[in-house]
Amino acid sequence: MIPFFPPDLFEVDRKAMLDILYQLGTSQDEKLILGKATAELERAIAEQTGARHVIACASGTGALTLSVHALDIGPGDEVVVPAFCCQPVASTVANLGATVVFADVDPLTMVMDPGHTESLIGDRTRAIMPAHVFSIMADMPRFREIAERRSVALIEDAAVAQGAVLDGLQAGRWGDLGVVSFFQVKAFGTAGEGGMVFTDDTGLATAVRQLRNHGQDGVNRFLHHRVGYNSRLDEAIARFQLHRLPGFAGRLERRAQIADYYSERFSGLADRGLTPPPAGRNGRCYYVYSLLVERREDLRAYLTEREIGTHIYYPVPLPRQPAFSAIAAPGRSWPNAELVSARNLAIPIWPHLSDAQVEYIADSVCEFFE
Ligand SMILES: *Cc1c(COP(=O)(O)O)cnc(C)c1O
């Protein structure tokens, strides 16, 4: 059985985690949150990405909340987010009292459509929030250009795309603020929760740092500059991420190699109703490898029979979710979000898959279409 969500993602790091917990639990001078390891991880990621400021926090959702809040977005403001995505892109905006405006996605890449996004920008729009999805980064050069020309902020949801590079610039660096997630199955996932905000803007960085810890500045305890949150990173997770960091590039490369192999094997199946993500390395992230399949349920059943786990992401677009249908603009439709909700099917791309397993998965997909 090749499970879609592998239970052994951190098997090789088990001893390291136990050592970390023992050290933290027995040392006299260790803080359990926002301590030395968190600061060291922030420095290491700043060095690796070139971001001027890196602020670690409790989750990707926390990172989005801190970003939206740092821009002082609230009631009366609008933020444009993708209609087909993870729900935090909408909830973090709605929870601050701002209006969520859903943009449709591209029918092939499944990321937010820049043209539709721009058509939704109005007087009240304060920010646009493209998200990288599955295997492909959003068209950040265009979103950057639109944000600058229309004078709105750009929040880049790079939750799934840490380490990906588009035109020489890393995911998370394109936005005024960029966020990543350490949720276990994400590119730089961890054995727990965590996230980060990247920004080059010192004012925004100060706001995010204060907001993550009840509005305090890290020096004066119980002096609250802002109404903030508890969105802090555990030292145990920060240490674990420092332990995992040297292997990160290698794991990303392994994912990309598996994707290259899949793309080569599936390139001839377009006329049979299977569209793989566009091949190549520029702007690719390979969080998962998501196919678009007309006969999705049949392929899924076929792979299940062959003991290959698959996953369907976001089967119902955000504007049709009970949580958001009341706030989604009436009369508007998101046909491409509907289409990709009905057609996407992700197959395993974990870095610790063996070559034989990868070959077996590709063979099985190809056999279905023969
Ligand atoms: C996972 C994810 C998030 C949220 O990250 P968490 O760490 O799970 O809170 C936000 N946006 C996207 C696109 C995601 O995939």
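The rules behind each value
What you see as residue numbers is a count from 1 along each chain, following the sequence as written. Residues qualify for local features only when their pLDDT is at least 70, as the model is predicted, and side-chain atom pairs are given and counted only at 80 or more; totals for whole chains, interfaces and linings, by contrast, use all residues. As a convention, hydrogens and water are excluded, and side-chain values are obtained from all of the structure's heavy atoms. Throughout, near means a residue has at least one heavy atom within 4 Å of the molecule or strand. Polar contacts here mean pairs of N or O atoms no more than 3.5 Å apart (in protein, one a potential hydrogen donor and the other a potential acceptor; neighbouring residues in sequence count only if both atoms are side-chain atoms). The protein chains shown are the only cover counted for residues, whose accessible areas, like all others here, come from Shrake-Rupley with a 1.4 Å probe. With axes taken as lines fitted to C-alpha atoms, and helix axes fitted only over the stretch in contact, angles between N-to-C directions fall between 0 and 180 degrees. A run of DSSP states H or I qualifies as a helix once it reaches four residues; a run of E qualifies as a strand once it reaches two. Both are numbered from the N-terminal end. Orientation categories follow fixed angle ranges, with anything under 35 degrees roughly parallel, anything over 145 roughly antiparallel, 65 to 115 roughly perpendicular, and all other angles oblique. For a crossing to be left-handed, the near helix must be turned anticlockwise from the far one by less than a right angle; the clockwise case is right-handed. Any pair of residues with heavy atoms lying within 4.5 Å of one another is described as a contacting pair. When DSSP finds two or more bridges between a pair of strands, those strands are recorded as paired. Each domain's extent was defined by an automatic or database domain assignment. Summed over both partners, the accessible surface that disappears when two parts come together, traced with a 1.4 Å probe, is what is meant by buried area. Stacked, tilted and edge-to-face pairs are distinguished by plane angle, under 30 degrees for stacked and over 60 for edge-to-face with tilted covering the rest, among Phe, Tyr and Trp rings (Trp via its six-membered ring) whose centres lie within 6.5 Å. Throughout, exposure labels follow a simple rule: accessible area from a 1.4 Å probe, protein chains only, divided by the maximum for the residue type, with under 20% read as buried, over 50% as exposed, and the rest as partly exposed. When a carboxyl oxygen of Asp or Glu lies within 4 Å of a side-chain nitrogen of Lys or Arg, that pair is called a salt bridge.

### With respect to the site of the ligand
Part 1 of the argument: Taken together, 13 residues sit near the ligand, with Gly60, Thr61, Asp157, Ser181 and Lys186 positioned nearest.
Part 2 of the argument: Thr61 places a side-chain nitrogen or oxygen 2.5 Å from an oxygen atom of the ligand.
Part 3 of the argument: At 3.0 Å from an oxygen atom of the ligand is found a side-chain nitrogen or oxygen belonging to Lys186.
Part 4 of the argument: In isolation the ligand offers 380 Å² of accessible surface; the protein chains occlude 91% of this area.

### Observations concerning the packing of helix α10 (residues 296-305) against helix α12 (residues 355-369)
Part 1 of the argument: Two elements in contact, α10 and α12, have axes separated by 10 Å at closest approach and are oriented at 130°. The angle between α10 and α12 places the two elements in the oblique class. Between α10 and α12 lies a crossing of right-handed hand. Here Asp298, Leu299, Tyr302 and Leu303 of α10 come into contact with α12, specifically with Ser364, Val365, Glu367, Phe368 and Phe369.

### A closer look at the sheet that holds strand β11 (residues 289-293)
Part 1 of the argument: If you trace the three strands from one edge of the open sheet to the other, you get β10-β11-β12, paired in antiparallel fashion. For this open sheet the edge positions go to β10 (274-275) and β12 (344-347), each flanked by a neighbour on one side alone.
Part 2 of the argument: Across two bridges, the pairing between β10 and β11 is antiparallel. Paired with Thr275 across the bridge in β11 is Leu292.

### As for the sheet that holds strand β3 (residues 99-103)
Part 1 of the argument: Judged by pairing direction, the sheet is mixed, and its seven strands sit side by side in the order β1-β9-β8-β5-β4-β2-β3 without closing on themselves. In this open sheet, the two strands that pair with only one neighbour each are β1 (53-57) and β3. Ignoring strand direction, the axes of neighbouring strands in this sheet form an average angle of 25°.
Part 2 of the argument: Sheet topology places strand β4 (residues 125-128) next to strand β5 (residues 153-157); two bridges connect them, and they run parallel. Following the sheet pairing, Ile128 is matched in β5 by Leu154.
Part 3 of the argument: Together, β1 and β9 (195-199) form the strand contacts of helix α2 (residues 36-49), whose direction differs from that of β1 by roughly 135°.
Part 4 of the argument: In the packing of helix α3 (residues 60-70) onto the sheet, the strands contacted are β1, β5, β8 (177-181) and β9, and the crossing angle to β8 comes to about 165°.

### Concerning the domain arrangement of the protein
Part 1 of the argument: Assigned domains within the protein: domain 1 (11-246) and domain 2 (247-369).
Part 2 of the argument: The C-alpha centroid of domain 2 is placed 24 Å from the C-alpha centroid of domain 1.
Part 3 of the argument: Contacts between the two partners involve 42 residues from domain 1, matched on the other side by 38 residues from domain 2.
Part 4 of the argument: Buried surface at the junction of domain 1 and domain 2, summed over both partners, amounts to about 3400 Å²; 67% is from carbon and sulfur atoms.

### Regarding the packing of aromatic side chains
Part 1 of the argument: Under the definition given, this model contains 20 aromatic pairs.
Part 2 of the argument: With a centroid separation of 6.4 Å and an interplanar angle of 70°, the aromatic rings of Phe4 and Tyr313 are classed as edge-to-face. Of this pair, Phe4 sits in the segment before α1 (14-26) while Tyr313 sits in the loop between α10 and α11 (335-343), and the two are 309 residues apart along the sequence.
Part 3 of the argument: We classify Phe4 as buried; its relative accessible area is 5%.
Part 4 of the argument: Ring geometry for Phe188 against Phe248: centres 4.7 Å apart, planes inclined by 35°, an arrangement best described as tilted. Of the two residues, Phe188 sits in the loop between β8 and β9 while Phe248 sits in helix α9 (residues 248-266), which places them 60 residues apart along the sequence.

### Quick word on the pattern of salt bridges
Part 1 of the argument: According to the stated counting rule, one finds 21 salt bridges in the structure shown.
Part 2 of the argument: Residues Asp13 and Arg244 are paired through a salt bridge, measuring 2.8 Å at the closest nitrogen-oxygen approach. Placement of the pair is Asp13 in the segment before α1 and Arg244 in helix α8 (residues 235-244), with a sequence separation of 231 residues.
Part 3 of the argument: Linking Arg144 and Glu148 is a salt bridge whose minimum nitrogen-to-oxygen distance equals 3.0 Å. Placement of both Arg144 and Glu148 in helix α6 (residues 140-150) is noted, with a separation of four residues, approximately one turn of the helix.
Part 4 of the argument: Here the residues in one salt-bridge network are Glu118, Glu145, Arg149 and Arg150, joined through shared partners.

### Thoughts on the pairing of β9
Part 1 of the argument: Burial runs high along β9: five of the five residues are buried.
Part 2 of the argument: Burial along β9 is two-sided: the residues Gly195, Val197 and Thr199 and Met196 and Phe198 are all buried.
Part 3 of the argument: One ladder, built from five bridges, connects β1 with β9; its direction is antiparallel. Each residue of the ladder has a partner; that of His53, found in β9, is Thr199.
Part 4 of the argument: Two strands pair when backbone bridges link them, and β8 and β9 are joined in this way by four bridges, in the antiparallel orientation. Opposite Val180, over in β9, you have Met196 as the bridge partner.

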